[in-house]
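One letter stands for each residue in the lines below.
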Amino acid sequence: MSNSDLTSVLFVLLLLVGLAQLLGHLFVWLRQPKVVGEIAAGIVLGPSLVGRLPFGDRLAQITDHQSAILNFVYWLGLLMLMFLSGAETRNLFSREERSEVGWLTIVGTGIPFALALVLGPWLIRPSLAGQNGNRTSLIIILAVGVAVTSVPVVSKIFADLKILHTRFARLVLGVAVLEDIVLWLALAIATAMAGTTVLRPRELTQHLAATVFFFGLGLTILPRIVKRINKARFNVVAKNAPIAYAIAVLLGYCVVAGVLGVSLVFAAFLAGFAVVHKKRKLFAEALDAIGKVSFAFFIPVYFAMVGLKIDLVRGFSLWMLLAFLIGSCLIKILSVSLAGRFAGFRGLDLINLAITTNARGGPGIVLASVAFDAGIISSKFYTTLVLAAILTSQIAGAWLDFVLRKGWPLLTAKDFAEPEIVPALEGKSAA
């Protein structure tokens, strides 16, 4: 790279991370998820606002010219987000309240996902599909978009409201963890089908088998192997440089996934899932250090570049957004309410659970960016998924804040008294 090229890249990154942090903290001050401000930074710098100004053309030219390097930083931020989400998933999962979590997961997530799969052939339109999108992959993306719940954003909302230690938080996060694991697998299958406009049964079967095989190993056998390697006496890297070792695990998973033709996004999630042991919390300090750097630079840049791809002028359909937002929210809220009744909840409990689990947040945005980068969905559907994730997260945060300010209980189905303790993740940055 020449000095001028390097200067151009650093200038764009300075704009992205600077404005993302500025707007992110502004939205936190407004009691909104930080990720909304980070995405808004990209929208401001993109074709919707700055891109329409005279000097915006120059910024767009620099971005296009340095797209390879910027895309590398974009993907690095996405991989870090998924890696840390996988590690957080392993820590947050609780075996308590199994019956309630089971009902909320199977019914509250299963009905929206299954309903979208069944109705998908009648709901999808050519305007939803990207250049590599086939009918099957598009239906799966639609189903995941309707059913997904955000672990990072929901946990951050709970931490900000100081309710992360409550039974309500444990229930919602337990449901989000279980459903996200299943839905990531569905997204992996959809990306495996991308580009196969004419489905070739043999190639598709091999690709799907590799994806499911890798995902299955990543949730069962590989974490045990990694745990043994973590504690092995010969593992001097883990003892002397735990941060480097944790990143090496991430890179190793991604390399293996790349060789098998599996999406690196899911490999990063599984790497984070494997590197943490539930009981001993190995590498907690290393992951905390990685998280601080990632949430300070790489992840804000990723979300800002997500917003940079949003064109609210030419790549936006109000009718598509309203149809998806209203339809998906109704299905999700009614399904979770039904699941909550089966689990023994009533009244305000059902409303709190339904609105909170409807927050799409980070996973909804990752779903949109992965599907868009794979060419499965169009720019309009990409914008719809991102905006739906933002709006549902804002609604969840605002509703819970309203309930707490009113002094209403989050759950009343059981008598539980919990001490006022400082949540473990309070103040921790999350996407």
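### Notes on the nonpolar core
With 107 residues, the main nonpolar core has Ile 39, Phe 83, Ile 141, Tyr 253, Tyr 302, Ile 377 and Phe 381 as its most contacted residues. Ranked by residue count, the leading element in this core is helix 14 (residues 284–308), at 13 residues. Residues in contact with Ile 377, not counting those within four places in the same chain, are Leu 128, Ala 129, Gly 130, Leu 138, Ile 141, Ala 368, Ala 371, Phe 372, Tyr 382 and Leu 385. With 28 residues, the next largest nonpolar core counts Ala 169, Val 175, Leu 353 and Ala 396 among its residues.

### Notes on helix 6 (residues 135–147)
Taking 1.5 Å as the rise per residue, helix 6 with 13 residues should run 18 Å; its terminal C-alpha atoms sit 19 Å apart, in good agreement. The buried fraction of helix 6 is high, at eleven of 13 residues. Within the sequence span of helix 6, burial applies to Ser 137, Leu 138, Ile 139, Ile 140, Ile 141, Leu 142, Ala 143, Val 144, Gly 145, Val 146 and Ala 147.

### Description of the pattern of salt bridges
On inspection of all chains with the given rule, the structure shows four salt bridges. Between Lys 309 and Asp 373 there is a salt bridge whose closest N-O contact spans 2.9 Å. Of this pair, Lys 309 sits in the loop between helix 14 and helix 15 (318–342) while Asp 373 is found in helix 17 (residues 361–373), placing the two residues 64 residues apart along the sequence. The class for Lys 309 is partly exposed, based on a relative accessible area of 26%. For Asp 373, a relative accessible area of 33% translates into the label partly exposed. In this structure, Arg 405 engages Asp 401 in a salt bridge whose closest nitrogen and oxygen atoms are separated by 2.9 Å. With a gap of four residues between them, Arg 405 and Asp 401 both fall in helix 18 (residues 379–406), about one helical turn apart. You can call Arg 405 exposed: its relative accessible area is 60%.

Thresholds, definitions, all that
- Residues numbered from 1 in each chain as written.
- Predicted model: local features only at pLDDT ≥ 70, side-chain atom pairs only at ≥ 80, totals over all residues.
- Heavy atoms only, no water.
- Core = buried A, V, L, I, M, F, W, Y, C linked by side-chain atoms within 4.5 Å.
- Buried < 20%, exposed > 50% of the residue type's maximum accessible area, 1.4 Å probe, protein only.
- Helix = DSSP H or I, 4+ residues; strand = E, 2+ residues; numbered from the N terminus.
- Contact = heavy atoms within 4.5 Å.
- Expected span 1.5 Å × (residues − 1).
- Salt bridge = Lys/Arg side-chain N within 4 Å of Asp/Glu carboxyl O.

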